[in-house]
Amino acid sequence: MLQPELDQEDLLRRITNRIRQSLELQEILNATVAEVRSLLGTDRVMVYRFNASGGGQVIAESVNTNRLSSLNGLNFPADDIPEPARQLYLTERLRSIVDVSQGLIGLSPLEPSETDDRCTPQPIHYRPVDGCHIKYLRAMGVQSSMVLPIVHYDIQAQRSQKRLWGLLVSHHVTPRTISQRELQIVQSVVDQVSIAIAQSNLLSQTRQQHQIEATINRVSTLLHSLPTIQLQAALQETVSALSSGGGRLYIAPDRVNPRAECLIYGTQPTCGDEDSPTTIEEHPVFVQWVRGYKTVDTANGSSASNSTPVGCQPLIVNDLDQVSELASLAPAFDATPIRGWLVIPLYYRSSFLGYLSIFRSQVMQEILWAGEFNPKEKQRNPRESFEQWREVKQNQAQVWTNYDIELAIALGHHFAMAIEQYKLYAQVQALNSNLECQVAERTAKLQQSLEQGRALQRVTNQIRSTLDLKTTLQTIVREVRQLLNTDRVIIYRFTDDSHGQVIVESMTGEWLSLLDIDDPQQYFSKAQIQVYKRGNLGVIKDVTQARLTPAQQEFLQHCQVQAALIVPIGVENPQTNEIPVMLDIPPCPRWEQPLWGFLIAQECKARRDWLPSEIKLLKKLADQAAVAIQQAELFTHTQAQAQQLASAFHHLKQTQAQLIQTEKMSSLGQLIAGVAHEINNPVNFIYGNLVYTSQYAQDLLNIIHSYQKYYPQPEPEIIELLDLIDLEFLEGDLPKLLESMKMGSERIRKLVLSLRNFSRLDQAEKKLVDIHEGIESTLLILQYRLKGKPNYPGIQVIKNYGDLPLVECYPSQLNQVFMNVLSNAIDALEDCDPDNQRITISTTVQSKTIENQYSPNNTTQIEKNQGSSPTHIIIQVADSGSGISSEILSQIFDPFFTTKPIGKGTGLGLSISYQIIVEKHGGIFKCSSQPGEGTGFWIEIPIRQSQSGEE
């Protein structure tokens, strides 16, 4: 008995070593059944594995084909091994030995042990075997059998869990007795197999996790490569990784993109019709299903409530025919082979972004059974034959595995991040584009003085001279030359569509510098430029062999270039394929971007075969150059914004000055009104008493004359007094003195009246006034500037007044306009010929607006149209000055624009007058002038403000 025991121990050692040497489960099982059959000397030893339904399959077998037929790869129904038997195999680890000839079955339960010591033999208890079992074994041609359960322990679970993984079965065509020792040795082998299964599962899980990570890395690379996120390619990769027939990526609308986007790949359901197509994700049935989603049990198709929020879980449909909630969507899938549907809601920080849907098509399922059976009979009678029986099932749904769901969830997270990143990038691009448009529009509207423009230009040039762009580009060419070990590296920038210049250069050796050399006009053909705009590269290995024009070859040879590598700058997604520099075929119509320039590496010593790694490096550095250019442009845009803010601040200061000017005019009006009021009272007193004074003086003179008549010889004292006062002179001069005082009082009264008419503080609202009265008041106030002086004859005022009705207007503001216009006319005449200084004022009425131009010297009165009532009045003021040039005339109404010296004017008078006439009165205010012909102002306002729309 010693040699058999040694053989058995050697078998156990060989199997243990095989398990330790390999982690491939199939290889271990094949070696196990071969070694066990060799040890027992039986006709068949096989490993039977259970599936989820309770049935199983022979997955490893060692058989004597001369005595028994092979069962390897065949499936057995669940009823062949009833559920109670499977429970005994699991809970008691029951081993069974059947002797068909004697009709006995030996049962040996294996009690679990914490030390896993299986050295103590367990007794085998025999009892009669069931007759059905006997028929089953005889139909297989077996007289003796031994069955040991294979139990698998899940070592990764938090609590130790075990399940019935399979059976180790031994068959013999003749009766054979199994000893206790053999049973113990085989049990040890089974224990080693259980360990191998656990190790194999760990290996499978590791490989599966590695496969998931590899798939995630591939998809993540496609999704997170800004600015060109490859969503379509990532969707295709996802569908392929999940072994599915189709998929779709639905991107929900938001505030920036009000329309939903949908990317599709492979087999798709049809929703809507050709006239009004829609997406299935927006269908009301789908929306309702998502809101009330329940997880479908993959075993029996029943639904169980899932308390996990929809935003955190996938929506799993293994078989669309089993989900009643989606019955209304069945027409969308009828024309397709789709049976499985996996929906991953995409969320980013609780924000809903869309859905990732994967469709799995129905398949044909082929199963090889060990003998033909009827599943409805529940195996009441054993099968008479175990010959291979092929069952074919059409249109079978494929169940989503835990691996599929785990991978889909992980990929869904990356899709969500990529979509959020894509939306943010698109939003930033749209905001930048909108900002550029606003900057351009505001810049076009804002005008600045010549000095401001020069100052801004100096500041801009200074800022540009200190930008880091050139330093960055110089660093790039230096690094490229060192890394590629080439003779010359340059950055070429286009100045127009086909011509440019070298802006930076890095060179080694005594080669010709290209910084001061311009390429010929039209050096790059239109076809070449179009190819480069699509992101293609130019690879010249040998200038003499390249497809270049003679002019191009001559220029490159003049620059001592033997080979070159050209990468476009400013083009997104450069192509990886090499292309010739010249093409004989027209470029394909594709989306293009402006071509800023090139990053060019040149070899001057000899020809050169550029390596893919060198091309890749140059492309990366060209991208860095593009980023530096974008940053410089962003810096320039920021400068423009700062300049706009400064201009806005300046405009605010102008507005503030205008408000101050308005307040000054208001204060001046109040002062004038107050002074006029204070002067008016004493003047009225003096003027009123002059009449009585004159009468009293005359009465006194009459009395004196009476005394002289009746008393011709006065007293000596009276005669002396008459000689002293010179009565004759006093009698003649006193009436003249009183008359002069009366005239002075009247002039003061008129002046006070003019001041009151000009200020019109009591007429701040619209009133019916006499326009001529306001003009006369203004002229009276300006009389001191109009009248002559020594060596100055004065300014002649010619009045051509028409018959004007009372006009509804703001009289105080209108008087301010007259003051500004007449003051400017007087200023214009001060430096002209003193013998020909005149101001012409004309007024008339008109029934419609006149827009024609007029000469400032032609101020003849315009007759009103016959047969229609007048609606507007026209006031023309012209001077005989030197006139205004067209450049100045275009700015005459701009705030703070003035040609007067500092301290002589603010440039607000005509600007405020324009606002009063146009905006306040709904009229027309324009100026016409020619150098040497004087200047004329046209003022036109409606007679009634209601006709102009002003309230």
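Residues numbered from 1 in each chain as written. Predicted model: local features only at pLDDT ≥ 70, side-chain atom pairs only at ≥ 80, totals over all residues. Heavy atoms only, no water.

The subject of this paragraph is the overall build of the protein chain. When you go through the protein chain residue by residue, the secondary structure sums to 21 helices and 30 strands. Residues classed as buried in the protein chain amount to 42% of the 951 residues present. Put simply, 69% of the contacts in the protein chain that link residues at least 6 apart link residues at least 24 apart. Carbon together with sulfur atoms contributes 52% to the accessible area of the protein chain, which is approximately 52,700 Å² in total. (Helix = DSSP H or I, 4+ residues; strand = E, 2+ residues; numbered from the N terminus. Buried < 20%, exposed > 50% of the residue type's maximum accessible area, 1.4 Å probe, protein only. Contact = heavy atoms within 4.5 Å. Areas by Shrake-Rupley, 256 points an atom, 1.4 Å probe, with all protein chains shown as cover.)

What follows concerns the environment of Cys-809. With respect to the helices, strands and loops of the structure, Cys-809 is situated in strand S26 (residues 807-809). Separated by 40 residues in the primary sequence, Cys-809 and Val-769 place their C-alpha atoms 7.4 Å from one another. Setting aside residues no more than four positions away along its own chain, Cys-809 makes contact with Glu-765, Lys-766, Lys-767, Val-769, Ile-771, Leu-814 and His-921.

A separate point is the packing of helix H5 (residues 180-223) against helix H6 (residues 231-241). Contact pair H5 / H6: the axes reach a minimum separation of 8 Å and the direction vectors enclose 165°. Comparing the axis directions of H5 and H6 gives the class roughly antiparallel. Of the two possible hands of crossing, H5 and H6 adopt the one that is left-handed. Mapping the contact onto sequence places Thr-215, Arg-218, Val-219, Leu-222 and Leu-223 in H5 and Leu-231, Ala-233, Ala-234, Glu-237, Thr-238 and Ala-241 in H6. Grouping the constituent residues of the contact of H5 with H6 by class yields seven nonpolar, two polar and two charged. (Axes fitted to C-alpha atoms, helices over the stretch in contact; angles between N-to-C directions. Parallel < 35°, antiparallel > 145°, perpendicular 65-115°, else oblique. Left-handed = near helix turned anticlockwise from the far one by under 90°. Nonpolar A, V, L, I, M, F, W, Y, C, P; charged D, E, K, R; others polar.)

So, about the pattern of salt bridges. Inspection of the entire model under this criterion finds 22 salt bridges. Put simply, Arg-67 and Asp-43 hold a salt bridge, and the shortest N to O gap is 3.3 Å. One end of the pair, Arg-67, is in the loop between strand S2 (56-63) and strand S3 (75-76); the other, Asp-43, is in the loop between helix H2 (25-40) and strand S1 (44-50), and 24 residues separate them in sequence. In this structure Arg-67 comes out as partly exposed when scored by relative accessible area, which is 40%. On the accessibility criterion, Asp-43 (3% relative accessible area) is buried. One salt bridge in this structure joins Arg-339 and Asp-319, with 2.7 Å as the shortest N-O distance. Remark: Asp-319 occurs in the loop between strand S13 (315-317) and helix H8 (330-334) and Arg-339 occurs in strand S14 (residues 338-348); sequence separation between them is 20 residues. Arg-339 sits in the buried class, given a relative accessible area of 11%. Through salt bridges with shared partners, a single network forms among Asp-487, Glu-603, Lys-605, Arg-608 and Glu-614. (Salt bridge = Lys/Arg side-chain N within 4 Å of Asp/Glu carboxyl O.)

Below, the discussion takes up the side chain of Glu-940. Relative to the helices and strands, Glu-940 resides in strand S30 (residues 935-942). Of the side chains bearing the opposite charge, Lys-926 lies closest to the buried Glu-940, which forms no salt bridge; the N-O distance is 6.4 Å. Only 3.1 Å separates the side chain of Glu-940 from the side chain of Trp-938, close enough to count as a polar contact. (Lys, Arg positive; Asp, Glu negative; His and termini not counted. Polar contact = N/O pair within 3.5 Å; in protein donor to acceptor, adjacent residues only side chain to side chain.)

All right, on to empty space enclosed by the protein then. One pass over the full model with this rule turns up five cavities of 30 Å³ or more. There is about 290 Å³ of room inside the largest cavity. For the lining of the largest cavity, the secondary-structure elements that each account for two or more residues are strand S18 (488-494), strand S19 (500-507), helix H12 (526-533), helix H13 (550-558), strand S21 (563-569) and strand S23 (597-603). In terms of residue count, the dominant contributor to the lining of the largest cavity is H13 (three residues). Tallied by class, residues from the lining of the largest cavity come to 18 nonpolar, four polar and one charged. Considering only enclosed or pocket space, the second largest cavity measures out at about 40 Å³ in volume. What lines the second largest cavity is a set of ten residues, and nearest its centre among them are Val-769, Ile-771, Gly-774, Pro-811 and Asn-815. Elements with a minimum of two residues in the lining of the second largest cavity: helix H17 (771-781) and helix H19 (811-829). With four residues, the top contributor of residues to the lining of the second largest cavity is H19. Of the residues assigned to the lining of the second largest cavity, the class counts are six nonpolar, two polar and two charged. (1 Å grid on protein atoms, 1.4 Å probe; cavity = no way out; pocket = protein on both sides within 12 Å on 5 of 7 lines; lining within 4 Å. Points joined across faces, edges and corners; volume = space filled by probe spheres on them.)

Moving on to a nonpolar patch on the surface. On the surface, Leu-700, Ile-703, Tyr-707, Tyr-710 and Tyr-711 cluster together to form a nonpolar patch covering roughly 640 Å² of accessible area. You can see Tyr-711 is positioned in the loop between helix H14 (612-710) and helix H15 (716-725). (Patch = residues over 30% accessible without salt bridge, like charges linked within 9 Å, V, L, I, M, F, W, Y side chains within 5 Å.)

Here we take up the pairing of S30. Most of S30 sits out of view: eight of its eight residues are buried. Both faces of S30 are covered, namely the face carrying Thr-935, Phe-937, Ile-939 and Ile-941 and the face carrying Gly-936, Trp-938, Glu-940 and Pro-942. Inspection of the sheet shows strand S29 (residues 924-929) paired to S30 by six bridges, in the antiparallel sense. Paired with Ser-928 across the bridge in S30 is Gly-936. The hairpin formed by S29 and S30 contains five residues between the paired strands, and Gly-932 there has a positive phi angle of roughly 85°. (Pairing = 2+ DSSP bridges.)

In this structure, Val-821 sits in helix H19. Put simply, Val-821 and Phe-937 are 116 residues apart on the chain and 7.7 Å apart in space, counted from C-alpha to C-alpha. Ignoring anything within four residues of it in the chain, the contact list for Val-821 reads Val-877, Phe-925, Phe-937 and Ile-939.

Next up on the list: the nonpolar core. If you look at the biggest cluster of nonpolar residues, it comprises 55 residues, and the most contacted ones within it are Leu-249, Trp-289, Phe-333, Trp-341, Leu-346 and Phe-415. Per element, the largest residue contribution to this core is ten residues, and it comes from helix H9 (residues 402-445). Those residues in contact with Leu-346, other than ones at most four positions away along the chain, are Leu-249, Ser-351, Phe-352, Leu-353, Gly-354, Tyr-355, Leu-356, Gly-412, Phe-415, Ala-416 and Ile-419. Listed in part, the 38 residues of the second largest apolar core include Leu-779, Ile-841, Phe-893 and Ile-917. (Core = buried A, V, L, I, M, F, W, Y, C linked by side-chain atoms within 4.5 Å.)

Mapped onto the elements of the fold, Thr-42 is located in the loop between H2 and S1. Leave out the neighbours within four places in its chain, and Thr-42 touches Arg-37, Ser-170, His-171, His-172 and Arg-176.

To continue, consider the sheet that holds strand S27 (residues 838-846). On the basis of which strands lie adjacent, the open sheet formed by five strands has the order S25-S27-S28-S30-S29 and mixed pairing. Every interior strand has two partners, whereas the edge strands, strand S25 (796-800) and S29, have only one. On average, adjacent strands in this sheet sit at an angle of 15° to one another, irrespective of strand direction. Here S27 runs beside strand S28 (residues 872-879); their pairing, made up of eight bridges, is antiparallel. Each bridged residue has a counterpart across the sheet, and for Thr-840 the counterpart in S28 is Ala-878.

Here the focus is helix H3 (residues 83-91). Burial in H3 covers these residues: Arg-86, Tyr-89 and Leu-90. Buried residues of H3 fall within an arc of 95° about the axis and therefore sit on the same side. Tucked inside the fold, the buried residues of H3 contact S1, strand S4 (94-99), strand S7 (144-154) and strand S8 (161-172). Taken from the residues just after H3, Arg-93 is the one with a positive phi, measuring 50°. (Arc of directions from axis to C-beta.)

Turning next to the environment of His-772. With respect to the element layout, His-772 can be found in helix H17. Look at His-772 and you get buried, because its relative accessible area is 13%. For the pair formed by His-772 and Tyr-801, sequence separation is 29 residues and the distance between their alpha carbons is 7.7 Å. Not counting residues up to four positions away in its chain, the partners in contact with His-772 are Tyr-801, Gly-802, Leu-804 and Thr-843. Looking at His-772, its side chain comes within polar contact range of the side chain of Thr-843, at 2.9 Å.

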